[in-house]
Amino acid sequence: MSGKKPTAAPPTARLSRACVMIIVVASVERFAYKGVASNLVTYLTEVVEMSTSAAAKSVSAWSGVTSMLPLLTAVLADSYWDRYSTITASSLLYVVGLIGLTLWALLHTRMPCSTLFFPLYLISIGQGGYNPSLQAFGADQLDIGDDDDGGDNGATAATEEQRSKVKSLFFQWWYFGICSGSLLGNTTMSYVQDTVGWGLGFAVPAAVMAVSVAAFFCCTPLYKQRQPRAVHRKPCRDSVLKALKSLLASVTVARKITLPSRDGDDDTDIVSELELQEKPLKLADQKQEAAMGEAAAPSVAKIIVRLLPIWTMLLMFAVIFQQPMTFFTKQGMLMDHRVGAVFVIPPAMLQSSITVSIILLMPLYDTVVVPLAGLVAGHGKGITVLQRIGVGMVLSIVAMAVAALVEARRLRAAVSSSSGRRLSIFWLLPQYVLLGVSDVFTVVGMQEFFYTQVPSAMRTVGIALYLSVFGVGSFVGAFLITALEMATAAGGGGGGHDHGWFSDDPREARLDKYYWFLAILSCVSFVVFTHLCKYY
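Since the model is a prediction, treat every value here as computed from it, not as a measurement.

Criteria and thresholds
Residues numbered from 1 in each chain as written. Predicted model: local features only at pLDDT ≥ 70, side-chain atom pairs only at ≥ 80, totals over all residues. Heavy atoms only, no water. Phe/Tyr/Trp six-rings, centres within 6.5 Å; stacked < 30°, edge-to-face > 60°. Helix = DSSP H or I, 4+ residues; strand = E, 2+ residues; numbered from the N terminus. Buried < 20%, exposed > 50% of the residue type's maximum accessible area, 1.4 Å probe, protein only. Expected span 1.5 Å × (residues − 1). Contact = heavy atoms within 4.5 Å. Patch = residues over 30% accessible without salt bridge, like charges linked within 9 Å, V, L, I, M, F, W, Y side chains within 5 Å. Areas by Shrake-Rupley, 256 points an atom, 1.4 Å probe, with all protein chains shown as cover. Salt bridge = Lys/Arg side-chain N within 4 Å of Asp/Glu carboxyl O. Disulfide = S-S within 2.5 Å. pLDDT = per-residue confidence, 0-100. Bend = angle between axes of the 7 residues up to and from the residue.

**Some remarks on the packing of aromatic side chains**
Okay, step 1: Applying the stated criterion to the full structure yields 28 aromatic pairs.
Okay, step 2: Measuring from ring centre to ring centre gives 5.4 Å for Tyr 43 and Phe 202, while their planes differ by 80 degrees; the resulting arrangement is edge-to-face. Placement of Tyr 43 in helix 2 (residues 40-46) and of Phe 202 in helix 7 (residues 198-218) is noted, with a sequence separation of 159 residues between them. Neither residue differs from the other here; Tyr 43 and Phe 202 are each classed as buried.
Okay, step 3: Measuring from ring centre to ring centre gives 5.8 Å for Phe 170 and Trp 174, while their planes differ by 40 degrees; the resulting arrangement is tilted. On the criterion of helical spacing, the pair formed by Phe 170 and Trp 174 is a turn pair, its members being four residues apart in helix 6 (residues 153-195). The pair formed by Phe 170 and Trp 174 is uniform in burial state, with each residue classed as buried.

If you want it as C-alpha cells, here you go:
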C-alpha cells in the first residue's frame, strides 16, 4: 500500500445553504440601515432644523463611530467570545436602537434634540458587533478548509485556486446582497419618509430587522460552529490585546539586560548560579510558555502594522464614499426633482442609482471584466486584488471631478435664472453611477484583501479593519468640513457663517470647490497607494 495521504477533492465554486442564508440576512440588515442612514441628513435639516454643515458633520461622525466600533468588538469576538454569540447580543441592541429611533420620531415634539443621538448610537453599538461577526461567520461556512492548516504541498497547490475562487465568489455575492438591500432601503424608505411620514419611515426598518434576526436564529441548525483551535486562540488574544505592550517591552528590556563581566567578582557569579538552581522547574516552564506567547505577539502585530499603509491610503476613498449620504443629497434638494406635474423624487432616492449600477455590473465582473483584464495583463486571475482596489480609486476621483462640474453648472443656472428655474436632479446621475462602479472594484477588493491578509483566528479582526477604513474616513471627512468651513468663512467678506463653501444659501455655497479639493487629495493618495503596492 502506498504511504501517501489521500488527496482531498477540491471544493466546488458554489456557496452552501448557510452562506446563502447569511447573505440574505445581511441584505435585510442593509435595507434597515440604509432606510435610516440614506435620508438622515434630510431629517436633521428639515425636522430637527440643523444647518447643512452641522447635519453633514453629525451624519459623518455617526457613520464614523458605526464603522470604528467593529475594531473593538472584533477583538472581543475573536479573543473572549465567539462569532455566533456576538451576533446574538449585538442584533438585540440593533433592534432596540431602531425601535428607539422610531419612538423618537413619533414623539419628537416633546423630546430634546440631543436625545435623538441616543438611539442612533445604540444602533452603532449593535451594528459594530453585528456586521463584522456576521460576515466572518458567513465566510466560516465555506467548504474550503483552513488556510492555516499544514499539509502536503501538492494537495495545497491543487486546491489553492479553488479556494481563491470560492472566497471571491462569496465576497462578490455578499456585496451583491447588501447592495440589493441598500437599493430597496434607499428607494422605498426615502419615499415613505418624505411623503408619508418619518414615524412609519423608521418603523418599517425596525420591523424588518427584527424579522431578519428571528430568521437567523431559526436557521441555527444549518450553521457550522467553526471555532479557532485552542493553540491559536491564546496567542491571538495576547497578540491583539497586548501588541503595544510587547513592542514597548522589546525596547525597554533590551536596554535593561546586561551580560556579566568576566572581570567581575567570582563570588557574585557563584551566588547567581545558586539562586538559579533554587528556582523550581515549573517557573522555567512558565517562562518558556510566556516566551512563546511574546514571540507570537510581535508577529501578529507585524501583520496589522504591515496593513496600515494600504489602510491609510484608502481613507480618502472612504471620505468620497460618504458624499452620497451628505452633500450629494443636499445637492439634490437644491435642484428640480419633479417628474411631470405630480411625482416628486426624494433626493436621497438617487442613491439607489449607485446600487443599481453595482447590481448590474457585479454579474458581468467575472464573465467580462476579468477575462478582458486577463487578456491585457496576461495574468491568470485577470486582475489582482490590489489592482482591483486601484481601479476603483481612479473611478472615485473621476466621480468627484464630474460632481464638481455639475455643481458649477447648477450654480451658474441658479445665478443666471431670474425665474427661479432650477437644474434637473438627473444631472447628478453620472456621479452616482461612477461611484457605484468604483464600489464594485474597491469595496469588494478591500473585503477580500483584509480578510485574506490575517490568520484564520483573526478573521473578524480582518473584516473590522476593512470596516474601520470607512469609520476613520468619516471622521476625516467631518474634520475636513470643519477646517474648510472655518477657513472659507473667514475669507468670505462679512466673515459670517453663511459665506463659506458650505453656506445654507444655495447661491453662495461652493460645493464644487470642496469636490475638487477631495479629488486632489484622492489623487495624492492614489499615487502613494501605487507605490506601496510594490511591497506587497
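**Points about helix 1 (residues 17-37)**
Okay, step 1: With 21 residues, helix 1 should cover 30 Å at 1.5 Å per step; its first-to-last C-alpha distance of 30 Å lies within 8% of that length.
Okay, step 2: When you tally the buried positions in helix 1, you get 17 out of 21 residues, the bulk of the element.

**Concerning the environment of Asp 366**
Okay, step 1: Mapping Asp 366 onto the fold places it in helix 14 (residues 352-377).
Okay, step 2: Each C-alpha atom, one on Asp 366 and one on Gln 172, is 9.6 Å from the other, the two residues being 194 residues apart in sequence.
Okay, step 3: With residues up to four places along the chain from it excluded, the contact list for Asp 366 reads Gln 172 and Pro 371.

**Quick notes on a nonpolar patch on the surface**
Okay, step 1: A cluster of nonpolar side chains, contributed by Ile 99, Leu 103, Leu 106, Leu 107 and Met 111, occupies part of the molecular surface with about 440 Å² of accessible area.
Okay, step 2: Looking at where Ile 99 falls in the secondary structure, it is placed in helix 4 (residues 83-106).
Okay, step 3: A residue is classified by how much of its surface remains accessible, and Ile 99, at 41% relative accessible area, is partly exposed.

**Some words on the state of the cysteines**
Okay, step 1: Here the structure, examined in full by the defined rule, presents zero disulfides.
Okay, step 2: With no disulfide of its own, Cys 218 lies 6.6 Å from the sulfur of Cys 219, the closest cysteine sulfur.

**Focus on the side chain of Ser 525**
Okay, step 1: Of note, Ser 525 is situated in helix 18 (residues 511-532).
Okay, step 2: For Ser 525, the residues in contact, after removing those within four places along its chain, are Met 313, Met 316 and Met 393.

**Examining the confidence of the model for the protein chain**
Okay, step 1: This prediction gives the protein chain a mean pLDDT of 76; 75% of its residues lie at or above 70.
Okay, step 2: Residue range residues 147-158 is modelled with pLDDT below 50. Its contacts to residues more than four positions away, or to other chains, number 10 contacts.
Okay, step 3: Contacts of residues 289-298 to residues separated by more than four positions or lying in other chains number four contacts, the stretch itself having pLDDT below 50.

**A few points about the pattern of salt bridges**
Okay, step 1: Counted under the stated rule, the structure contains four salt bridges.
Okay, step 2: Among the salt bridges present, the one from Arg 410 reaches Glu 407, with a minimum N-O distance of 2.8 Å. Taken as a pair, Arg 410 and Glu 407 lie in helix 15 (residues 385-416) at a separation of three residues, close to a single helical turn. In this pair, the class of Arg 410 matches that of Glu 407, namely buried.
Okay, step 3: For Asp 512, the salt bridge is made with Arg 510, and the minimal N-O distance between the two is 2.8 Å.
Okay, step 4: The exposure class assigned to Asp 512 is buried, which follows from its relative accessible area of 5%.
Okay, step 5: Residue Arg 510 is classed as partly exposed on the basis of its relative accessible area, which comes to 29%.

**Things to note about the environment of Val 344**
Okay, step 1: Here Val 344 is to be found in strand 2 (residues 343-344).
Okay, step 2: For the pair Val 344 and Tyr 191, spaced 153 residues apart in sequence, the C-alpha separation works out to 9.0 Å.
Okay, step 3: With residues near it in sequence (within four places) discarded, Val 344 still touches Tyr 191, His 337 and Arg 338.

**A closer look at helix 16 (residues 429-452)**
Okay, step 1: With 24 residues, helix 16 extends 34 Å between its outermost C-alpha atoms, agreeing within 8% with the 34 Å of an ideal straight helix rising 1.5 Å per residue.
Okay, step 2: The largest bend in helix 16 comes to about 35 degrees, at Asp 439.
Okay, step 3: Judged by how many residues are buried, helix 16 sits mostly within the fold: 18 of 24 residues are covered.

**Topic: the side chain of Asn 131**
Okay, step 1: Mapped onto the secondary structure, Asn 131 falls in helix 5 (residues 117-140).
Okay, step 2: For Asn 131, a relative accessible area of 14% gives the class buried.
Okay, step 3: Sequence-distant contacts of Asn 131, defined by excluding residues within four places in its chain, comprise Glu 29, Arg 30 and Leu 467.

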